[in-house]
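# Examination of the molecular architecture
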Amino acid sequence: MKSVLTAIAGLALVTSAHAQLHETDVILETGTGVIETMGQVEGGGFEPGCVFSADITAGSTNDPGFDNFNGTFGTNQNVYLDIVSHLRAWDGADWISAAPTQIRITRGFDGPVFSPSEGGGIAEGFAVSANSSGKWHKHFLFTPVGAANDPVYALELQLRTDESMPGTSEPFWFVFRNNADSVTFDDAVAAARTGLGTCNA
């Protein structure tokens, strides 16, 4: 009986822990010594991933966000969201440069950071600190600026700290539906998973 109660209590703790995370956010882990990006899998739980999607509505979106458990980062540790490369647009068959459109990232009064031009290198983000418990649950505002009339955009990102641990994440992608129908968007997300990054998202 005691073992049954222990098992039930353990399951309740796991369920409660997952309930504390926003499952539509990118889940972050640092147990391997680097920042890892995780996505929810069907049936619950999370696995490594590098392609995440969201809809742009009313000209911008603050999704996806980032979430993690207490202790993932150091107390009040600074974390930065960098834009790794130029913005891509989906033309119905391939990912091409979205120029002259850029993505602008802000968070409250912080920023802006703009996606770089092609070959322009990394656009470094601004510091956003974890809380006193080492939790970093954050949302940024992503806004396409310029022509901004492509159906789908893809933005390459990375997360880093200004300390040796945890190390910088592998690049990951946010795919934004701007004005695409569901079929076009699904095709674009699938192409991002097979063509923009080597991951199992």
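Here, the structure is the one placed above.
A quick note: this is a predicted structure, and the numbers were derived from the prediction, not measured.

Calculation notes
Residues numbered from 1 in each chain as written. Predicted model: local features only at pLDDT ≥ 70, side-chain atom pairs only at ≥ 80, totals over all residues. Heavy atoms only, no water. Helix = DSSP H or I, 4+ residues; strand = E, 2+ residues; numbered from the N terminus. Salt bridge = Lys/Arg side-chain N within 4 Å of Asp/Glu carboxyl O. Buried < 20%, exposed > 50% of the residue type's maximum accessible area, 1.4 Å probe, protein only. 1 Å grid on protein atoms, 1.4 Å probe; cavity = no way out; pocket = protein on both sides within 12 Å on 5 of 7 lines; lining within 4 Å. Points joined across faces, edges and corners; volume = space filled by probe spheres on them. Nonpolar A, V, L, I, M, F, W, Y, C, P; charged D, E, K, R; others polar. Core = buried A, V, L, I, M, F, W, Y, C linked by side-chain atoms within 4.5 Å. Contact = heavy atoms within 4.5 Å.

## With respect to the environment of Arg193
On the secondary structure map, Arg193 appears in helix H2 (residues 182-195). Sequence separation between Arg193 and Phe52 is 141 residues, and the spatial gap between their C-alpha atoms is 9.3 Å.

## Some words on the pattern of salt bridges
If you walk through the whole model with that rule in mind, you get 4 salt bridges. Arg160 is the salt-bridge partner of Asp82, the closest N and O atoms lying 2.5 Å from each other. In this pair, Asp82 is assigned in strand S6 (residues 78-83) and Arg160 in strand S13 (residues 152-161), connecting sequence segments 78 residues apart. As a salt-bridge pair, Arg160 and Glu124 come within 3.9 Å of each other at their nearest N and O atoms. On the criterion of sequence distance, the pair formed by Arg160 in strand S13 and Glu124 in the loop between strand S10 (110-114) and strand S11 (127-129) is long-range, its members being 36 residues apart. By relative accessible area, Glu124 is classed as exposed at 58%.

## Points about the layout of surface pockets
When its volume is computed, the largest pocket comes out at roughly 360 Å³. Counting residues per element, the lining of the largest pocket draws most heavily on strand S4 (residues 51-55), which supplies 4 residues. Residue composition of the lining of the largest pocket, by class: 9 nonpolar, 6 polar and 5 charged.

## Some words on the nonpolar core
Counting 45 residues, the largest nonpolar core has Phe66 and Trp136 as the members making the most contacts within it. Those elements giving two or more residues to this core turn out to be strand S1 (26-29), S4, S6, strand S7 (88-90), strand S9 (102-107), S13, strand S14 (172-177) and H2. When residues of this core are assigned to their parent elements, the largest contribution, 6 residues, is made by S13. Those residues in contact with Trp136 that sit more than four places away from it in its chain are Leu28, Phe66, Asp67, Asn68, Phe73, Val79, Val128, Ser129, Ala130 and Leu159.

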